[in-house]
Amino acid sequence: MTNAALPVGWKKTTLDDVAEVQTGIAKGKAINGTSATLPYLRVANVQDGYVDLSVVKEITLKPSEVKRYSLRKGDVLFTEGGDFDKLGRGTVWNGQIEPCLHQNHVFAVRPNPKRLLPEFLALQAASHYGRRYFQMSSKQSTNLASINSTQLKQFPVLLPPLPEQRKIAEILRAWDEAIEKLEVLRGVKLGRRRALTNALVFGTRRLEHFRTTDGANRYRWFTLPASWSSKPIGALAREVSERNGDGEEHDVLSCSKYDGFVRSLEYFKKQVFSSDLTGYKKIWRGDFGFPSNHVEEGSIGLQNLTDIGIVSPIYTVFRFDPKRVDANYAFAVLKTELYRHIFEVSTSASVDRRGSLRWSEFSKLPFPVPPLAEQKTIAQVLQTLSVDLGALDTEIECLTRQKRGLMQKLLTGQWRVAV
């Protein structure tokens, strides 16, 4: 964008003309004599739009260096890089910890308050305009990218008058607040869904039509209503090992820790599987599968994406007897935190020294079996909650897209605001 294309009253200048760029302290320096130990921010603390203070480490330095590397309220934090998603990401430091330093992979940019607002700079850097500059200017290698202080200082700031900067920041802050409220609501509903799932699939809470007063039976991992039973998974399901030897083209699927099965190309944005798929396993709609060496993380899924998919040979694929177990109920059970713990314990105790859980041992794990009609009703209740969460996800995604569009228009002067 040329100066001629800028709106009236806007200027284009470099970051070092309107701000001071402060580099951080390097780790591992030997300290002789008097020293000070203070908290400092790492790349992991600086996220896209917020500071994560869940884990804050400390560093030892000379007392004379404290002022040089200290953060001030209103500094804009930028990361040097690493993975592509970390390149140039940052946010405004609001003095949450005093004093606090920053390491050399995190830059602290201190705007001139008479010319540039910290919130406006952080937003412009996070916009498509800012991201494009950092990507084009960075030093790149496979999956990694980085910028230095010189490149950061040359960032071309589009500079409206201060009142307009303030108004733009206020408008975009309103979108952030709306998104944040929806995310809080989603977190509450997700917590309730998890609690209700645990209560329903293990029978500590019964749906009204199925309530009884018939006592309970205690098993190793859980206590179930007396009208329920506990069976080994192998008594309810069988392993399926059908190779893709015919070379047919099917979607390659992977199993994620939280979502179950996903299409590999869509999820990873690149090909992470072999070009020769003849040794892969077919997994039909309604089948279950897990990577034998990652199931302890909770990576297990129900395949409901396509009629036939294929998975890596390291996957174990199995199929429940539909006359005894409802697949959606089974998926709810196997994705509980209790079963993630069971998988972890079973993997640790596995005779397979490579840290895998094979079907021969997985099939021995216990599984709660209510009457089939109750399984189906439980699955329907949980599906209703999932639809509600999905609607919230869609609303959050829509607002996020709207905010991105506004950022592109407002922060480059394509749309003006009334001041």
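Each remark here, short or long, concerns the structure printed above.
Numbers given to residues run from 1 along each chain, matching the order in which its sequence is written. Local features in a predicted model are, by the rule used here, given only for residues with pLDDT of at least 70; side-chain atom pairs are given and counted only at 80 or more, and totals for whole chains, interfaces and linings are based on all residues. Heavy atoms throughout the structure, all of them, feed into the side-chain values; hydrogens and water do not.

**Considering the environment of S70**
Then, in step 1: Every helix listed is a DSSP run of H or I at least four residues long, and every strand listed is a run of E at least two residues long, numbered separately from the N terminus. Mapped onto the secondary structure, S70 falls in the loop between α2 (66-69) and β5 (76-79).
Then, in step 2: Expressed as a C-alpha distance, the spacing of S70 and G95, which sit 25 residues apart in the sequence, is 11 Å.
Then, in step 3: Any two residues having at least one pair of non-hydrogen atoms within 4.5 Å are treated as being in contact. Apart from residues no more than four positions distant in its own chain, S70 is found in contact with Q22, C100, L101 and R110.
Then, in step 4: Polar contacts involving the side chain of S70 include one to the main-chain carbonyl oxygen of V66, which spans 2.5 Å. In protein, a polar contact requires one atom able to donate a hydrogen and another able to accept it; more generally it is a pair of N or O atoms within 3.5 Å, and residues adjacent in sequence count only if both atoms are side-chain atoms.

**Looking at the pattern of salt bridges**
Then, in step 1: Salt bridges are defined by distance alone: a side-chain nitrogen of Lys or Arg within 4 Å of a carboxyl oxygen of Asp or Glu. Applying the stated rule across the entire model yields 16 salt bridges.
Then, in step 2: Residue D17 is joined to R115 by a salt bridge in which the shortest nitrogen-to-oxygen separation is 3.3 Å. Linking D17 in helix α1 (residues 15-18) with R115 in the loop between β9 (106-111) and α3 (118-126), this pair joins segments that are 98 residues apart in sequence.
Then, in step 3: Three labels apply to residues, based on accessible area from a 1.4 Å probe with only protein chains included: buried if under 20% of the type maximum, exposed if over 50%, partly exposed otherwise in between. Take R115: its relative accessible area is 28%, and that puts it in the partly exposed class.
Then, in step 4: For the salt bridge of K403 with D176, the shortest nitrogen-to-oxygen distance reads 2.6 Å. Taken together, the positions of K403 in helix α12 (residues 372-410) and D176 in helix α6 (residues 162-201) put the pair 227 residues apart, joining distant regions of the chain.
Then, in step 5: When its relative accessible area of 15% is taken as the criterion, K403 is described as buried.
Then, in step 6: Overall, D176 belongs to the partly exposed group, its relative accessible area being 30%.
Then, in step 7: One continuous salt-bridge network, built from bridges that share partners, spans E337, R340 and E344.

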